[in-house]
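Per-entry structural report
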Amino acid sequence: MSVILITGGAGFIGSHCCNVLLEAGYELIILDSLINSSFESIKRVSLISGKEFESNNQIKILQGDIRNKDFLRKIFKDAQSHKKIDGVIHLAGLKAVAESVKNPIEYWDVNVNGSINLFQIMSEFNCFNLVFSSSATIYGFPEKIPISETEKISPINPYGNTKAAVEKILYDLYKSNENLWKIIN
C-alpha cells in the first residue's frame, strides 16, 4: 500500500481525491492549513470510506502550512518510521482571483514559496512523484473553449500568475533530471 501526501486535502477537490484514493487502498497523509477549508470535509471522507482517522495508519490528518519547511520535513521524517511517502498531490494554495488582486504578495508567498518549500523537502526525502493542481486561469482569455493544454499561457491576475509560475518551476525541475521526477500538472 503506497503512502500519498495530499496538501490541501481538506478542500473540495482534496476531499474527493481522498475518497478515491482510499477506495483504491492508498494510505493518506492529509495536510491542510484550514484557511479555505474545514476538517468537516475530512470527517465526511471518513464516513463515506468507512476508514477511521489514524487507524491502521490509513488516514493521518495534520493542520499546518506548506511555507513551514521544518513542519514539512517532520511530516516526511515521521512517515519514514512507518512507510516512505511515495508521492504528493499538491492542492494547497490560495485560490480567489479577486482576493489575489488585493493581496498579491500573500498569493505569491503561499502559492509559490510554499510550493518551492514542498518540492525542496520532497527532494530531500527522495520523493519525486507529484501531481500539481494548476488552474485554467493560467490561460487568461483563451481563444477557444474548451481550453486545450496547448493554449498560450497568459494569466491576467496574480492568482493565475502564481499558478503559471509554479508550472514553470515544475518544468525546470523535471528538465533538471528527466529520469527522476514524475510530474503531472
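Numbering of residues starts from 1 in every chain and runs along the sequence as written. Local features are withheld for residues below a pLDDT of 70 in this predicted model, meaning they are given only at 70 or higher, and side-chain atom pairs are given and counted only at 80 or more; totals for whole chains, interfaces and linings count all residues. Computation of side-chain values: all heavy atoms of the structure, hydrogens and water removed.

It is worth spelling out unusual backbone geometry at this point. With an omega of 5°, the peptide bond between isoleucine 145 and proline 146 qualifies as cis. With phi around 70°, leucine 34 is a residue other than glycine that occupies positive phi space. Numbering of helices and strands starts at the N terminus; helices are DSSP runs of H or I of at least 4 residues and strands are runs of E of at least 2. As for its placement among the helices and strands, leucine 34 is situated in the loop between strand 2 (27–32) and helix 2 (39–49). Exposed residues in this analysis have more than 50% of their type's maximum accessible area, buried residues have under 20%, and partly exposed residues fall in between, with area computed by a 1.4 Å probe over protein chains only. On the basis of relative accessibility, which here comes to 22%, the residue leucine 34 falls in the partly exposed class.

With that out of the way, let us pick up the side chain of serine 115. Within the secondary structure, serine 115 is located in helix 5 (residues 104–124). Throughout this description, a polar contact denotes any pair of N or O atoms lying within 3.5 Å of each other; where both atoms belong to protein, one of them has to be capable of donating a hydrogen while the other can accept it, and for residues adjacent in sequence the pair is counted only when both atoms sit in side chains. Only 2.8 Å separates the side chain of serine 115 from the side chain of histidine 90, close enough to count as a polar contact. The residues contacting serine 115, other than those within four sequence positions of it, are Ile66, His90, Val110 and Val166. Pairs of residues are marked as contacts when any of their non-hydrogen atoms sit within 4.5 Å.

What follows covers the packing of aromatic side chains. Only Phe, Tyr and Trp rings are paired, with Trp represented by its six-membered ring, and only when their centres lie within 6.5 Å; those with planes under 30 degrees apart are stacked, over 60 edge-to-face, the remainder tilted. Evaluation of the coordinates by the stated rule reveals 3 aromatic pairs. Between the aromatic rings of tyrosine 107 and tyrosine 159, the centroid separation amounts to 6.5 Å while the plane-to-plane angle is 90°, which identifies the pairing as edge-to-face. Note that tyrosine 107 is positioned in helix 5 and tyrosine 159 in helix 6 (residues 158–176), a separation of 52 residues in sequence. A single burial state applies to tyrosine 107 and to tyrosine 159, both of which are buried. Relative to tryptophan 181, the ring of phenylalanine 128 lies with its centre 5.0 Å away and its plane at 85°, an arrangement referred to as edge-to-face.

Our focus in this paragraph is the side chain of asparagine 111. Inspection of the secondary structure assignment puts asparagine 111 in helix 5. A distance of 2.7 Å separates the side chain of asparagine 111 from the backbone nitrogen of leucine 94, its partner in a polar contact. At 3.1 Å, the side chain of asparagine 111 and the side chain of threonine 162 are in polar contact. If near-sequence neighbours (up to four positions away) are discounted, asparagine 111 is found in contact with Gly93, Leu94, Tyr159, Thr162 and Val166.

Grouped together as the largest cluster of nonpolar side chains are 26 residues, with contacts concentrated most on Leu5, Phe76, Ile85, Val88 and Met122. At the level of secondary structure, the elements contributing two or more residues to this core comprise strand 1 (3–7), strand 2, helix 3 (69–80), strand 4 (85–90), helix 5, strand 5 (129–132) and helix 6. It is helix 5 that provides the largest number of residues to this core, a total of 5 residues. Counting residues in each nonpolar core, the second largest holds 14 residues, with Ile6, Ala10, Cys18 and Ile59 among its members. Grouping buried Ala, Val, Leu, Ile, Met, Phe, Trp, Tyr and Cys residues that are joined through side-chain atoms within 4.5 Å yields what is termed a nonpolar core.

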